[in-house]
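Here's the letter readout for the chains.
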Amino acid sequence: MNIKCIITDDEPVARKGLKSYVEKTGFLSLAGECESAVELNALLKDTPADLIFLDIEMPDLTGIEFLSIVVNPPKVIIVSAYEQYALKGYELDVFDYLLKPVSYERFLKSVNKLHDQLVKDRSIAADYIFIKSDKKTRKLFLKDILFVESMENYVLIHTLTSREVVYSTLKMVEESLPSDRFVQTHRSYIVNTEHIQAIEGNTLEIGQHKVPVARNLRDKIFNDFIAGKLISRKNENK
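Given the structure is predicted, the values throughout are model-derived calculations rather than measurements. (Residues numbered from 1 in each chain as written. Predicted model: local features only at pLDDT ≥ 70, side-chain atom pairs only at ≥ 80, totals over all residues. Heavy atoms only, no water.)

1. What about the sheet that holds strand β15 (residues 209-212)?
The strands that make up a sheet pair up through hydrogen bonds in the backbone, lying either parallel or antiparallel. In spatial order, the strands read β13-β14-β15; together these three strands make up an open sheet with antiparallel pairing. The sheet is open, and its two borders are formed by β13 (198-200) and β15, each paired with just one other strand. Across the sheet, the mean angle separating the axes of adjacent strands is 30 degrees when strand polarity is ignored. Across three bridges, β13 lies against strand β14 (residues 203-206) in antiparallel orientation. When the sheet's bridge partners are listed, Glu200 is paired in β14 with Thr203. (Pairing = 2+ DSSP bridges. Helix = DSSP H or I, 4+ residues; strand = E, 2+ residues; numbered from the N terminus. Axes fitted to C-alpha atoms, helices over the stretch in contact; angles between N-to-C directions.)

2. What to know about the sheet that holds strand β9 (residues 154-159)
The strand order β10-β9-β8-β12-β11 describes an open sheet built from five strands, whose pairing is antiparallel. Looking at the sheet topology across the chains shown, the edges are occupied by β10 (163-166) and β11 (182-186). Each strand axis lies, on average, 20 degrees off the axis of its neighbour in the sheet, ignoring direction. Sheet topology note: the β11/strand β12 (residues 189-192) ladder contains four bridges and is antiparallel. When the sheet's bridge partners are listed, His186 is paired in β12 with Tyr189.

3. A closer look at helix α1 (residues 12-23)
The end-to-end C-alpha distance of α1, which contains twelve residues, comes to 16 Å, matching closely the 16 Å that a straight helix rising 1.5 Å per residue would cover. For α1, the set of buried residues is Ala14, Arg15, Leu18, Tyr21 and Val22. Mapping the buried residues of α1 onto a view down its axis gives an arc of 125 degrees, with all of them on the same face. Set apart from the buried face of α1 by more than 90 degrees, the exposed residues are Pro12, Val13, Lys16 and Glu23. (Expected span 1.5 Å × (residues − 1). Buried < 20%, exposed > 50% of the residue type's maximum accessible area, 1.4 Å probe, protein only. Arc of directions from axis to C-beta.)

4. Some thoughts on the packing of aromatic side chains
For any pair of aromatic rings, the description rests on two quantities: the centre-to-centre distance and the angle between the ring planes. What the rule picks out here adds up to nine aromatic pairs. Aromatic pair Phe147 and Tyr189: ring centres 6.1 Å apart, planes at 45 degrees, arrangement tilted. On the criterion of sequence distance, the pair formed by Phe147 in strand β8 (residues 145-151) and Tyr189 in strand β12 is long-range, its members being 42 residues apart. The exposure class of Phe147 is buried, given its relative accessible area of 3%. Ring centres of Tyr154 and Tyr167 lie 5.8 Å apart, and the angle between their planes is 55 degrees; on these two criteria the pair is classed as tilted. Linking Tyr154 in strand β9 with Tyr167 in the loop between β10 and α6 (170-175), this pair joins segments that are 13 residues apart in sequence. Given the relative accessible area of 27%, Tyr154 is considered partly exposed. Its relative accessible area of 68% is what places Tyr167 among the exposed residues. Through a chain of ring-to-ring contacts, the aromatic side chains of Tyr21, Phe53, Tyr104 and Phe107 assemble into a single cluster. Against the face of Tyr104 rests Lys24, its NZ or CZ located 4.7 Å from the ring centre. (Phe/Tyr/Trp six-rings, centres within 6.5 Å; stacked < 30°, edge-to-face > 60°. Lys NZ or Arg CZ within 6 Å of the ring centre and 35° of its normal.)

Okay, structure coming up:
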């Protein structure tokens with residue numbers, strides 16, 4: 001996934017530093033540079049972007065003032081020498097707040113987190129994920145996934161019509177699935193709550209399958225099911 005970003009800062013040295021960080025980060029691409037929030041406002045009319053690196057103290061219009069008036073902006077990471085604006089920035093729903101001077105380590109931590117969030121958000125919005133199985137890239141609709149089973153160096157994704165072998169970890173698969181629809185019941189299993197049909201002992205019935213529930217997760221999962229949380233999720237997606 002490529003993230004298109006715009007750097008906005010009235011200091012040329014600051015823009016140069018951020019630009020070098022963007023260039024060395026493979027999933028980032030520079031869509032534009034601005035010296036002011038006024039220039040940024042105009043650029044956004046014609047230039048699609050996923051992320052803005054935004055300074056605060058700028059002439060004519062501060063970064064905070066810009067965020068207060070802009071409608072549906074891209075994700076924003078504030079880059080500022082002034083920490084006193086952090087609370088206001090988060091009130092305006094910025095993704096992160098970086099204090100100058102920014103190390104590449106801190107920069108990378110922030111954009112890595114954003115990358116993972118955008119990938120997950122897009123998977124949820126699209127209601128499907130892509131997997132690599134049998135030397136092919138396949139699309140799996142979330143509603144068709146019954147459960148995921150870990151098998152040491154790979155996982156089995158059980159669907160309504162197939163069983164896909166994917167060389168991945170269970171954790172990596174879990175991170176690509178929406179947490180309001182999929183729950184880990186055991187160190188080796190993640191289940192789609194829409195397909196839970198019954199509970200018996202320490203197992204869940206999912207289609208023709210029996211999926212175990214770990215002792216330390218049993219109370220939470222069973223209480224959620226009995227309380228109707230899992231049932232309501234199924235009804236909400238009909």
